[in-house]
Amino acid sequence: MALEHAILVSLLEQPGSGYELARRFERSIGYFWTATHQQIYRVLGRMEGDGWIDVRHVPQEARPDKKEYSVAAAGRAALSAWLHEPIQPDSVRHELAVKIRGAAFDDPAALIREVERHHGAHTDRLTRYLAGELRDFTGPDAPAPGDTGRELQHVVLRGGIAYERMTLAWLEDVLATLRRLAER
């Protein structure tokens, strides 16, 4: 997947400025596809040049005009073509897993602090996902049946929640194993 596709999806969900896009990447899309502000602005410029997005200049009081981006017909066509292309299942590249295996040739106890740090990061991410689900997908904000965009946003979030729960269970298993080996 190219960053362009993630930006197109975000802009189809809601047009916005480069700054607003960067905030969305920090808040939601970034959990699955990360990009810096500089990358986003560079790709927006390329997408504008390719005719994938339209730009509207919005006057602002006491600040420079802002650019609001939306998806043009060529961008919609590019996204549609990409959506219909097959993709390869992701290969798993997991540095922590390699370190854990490598600990057999060193001191397994030395990894405990690092695995605890990963556990904390995944706990924090799960907490954010669950808060977002509560905020955006329950009660009066729950997607109405037939609201395809919101239903698909929610299913991706549920996948993230399941992934974080699985990762936490695995990290707890790793920690128990490392601690048991450290006692030997």
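Given the structure is predicted, the values throughout are model-derived calculations rather than measurements.

Further remarks concern the packing of helix α6 (residues 112-137) against helix α7 (residues 148-182). Remark: α6 packs on α7, axes separated minimally by 9 Å, with the N-to-C direction vectors making an angle of 155 degrees. In terms of their interaxial angle, α6 and α7 are classed as roughly antiparallel. Helix-helix and strand crossings are classified by hand; for α6 and α7 the assignment is left-handed. Grouping the amino acids of the contact of α6 with α7 by side-chain chemistry returns 14 nonpolar, 9 polar and 10 charged.

Turning our eyes to something else, we now look at the domain arrangement of the protein chain. According to the domain assignment, the protein chain consists of domain 1 (1-84) and domain 2 (95-183). Here the C-alpha centre of domain 2 lies 28 Å away from the C-alpha centre of domain 1. Summed over both partners, the interface of domain 1 with domain 2 buries about 510 Å², with 53% contributed by carbon and sulfur atoms. At the boundary of domain 1 and domain 2, one finds 1 residue pair in polar contact (both at pLDDT 80 or more). For the side of domain 1 that touches domain 2, the residue count by class is 2 nonpolar, no polar and 2 charged.

What counts, and at which threshold
Residues numbered from 1 in each chain as written. Predicted model: local features only at pLDDT ≥ 70, side-chain atom pairs only at ≥ 80, totals over all residues. Heavy atoms only, no water. Axes fitted to C-alpha atoms, helices over the stretch in contact; angles between N-to-C directions. Helix = DSSP H or I, 4+ residues; strand = E, 2+ residues; numbered from the N terminus. Parallel < 35°, antiparallel > 145°, perpendicular 65-115°, else oblique. Left-handed = near helix turned anticlockwise from the far one by under 90°. Nonpolar A, V, L, I, M, F, W, Y, C, P; charged D, E, K, R; others polar. Domains from an automatic or database assignment. Buried area = accessible area lost by both parts, 1.4 Å probe. Polar contact = N/O pair within 3.5 Å; in protein donor to acceptor, adjacent residues only side chain to side chain.

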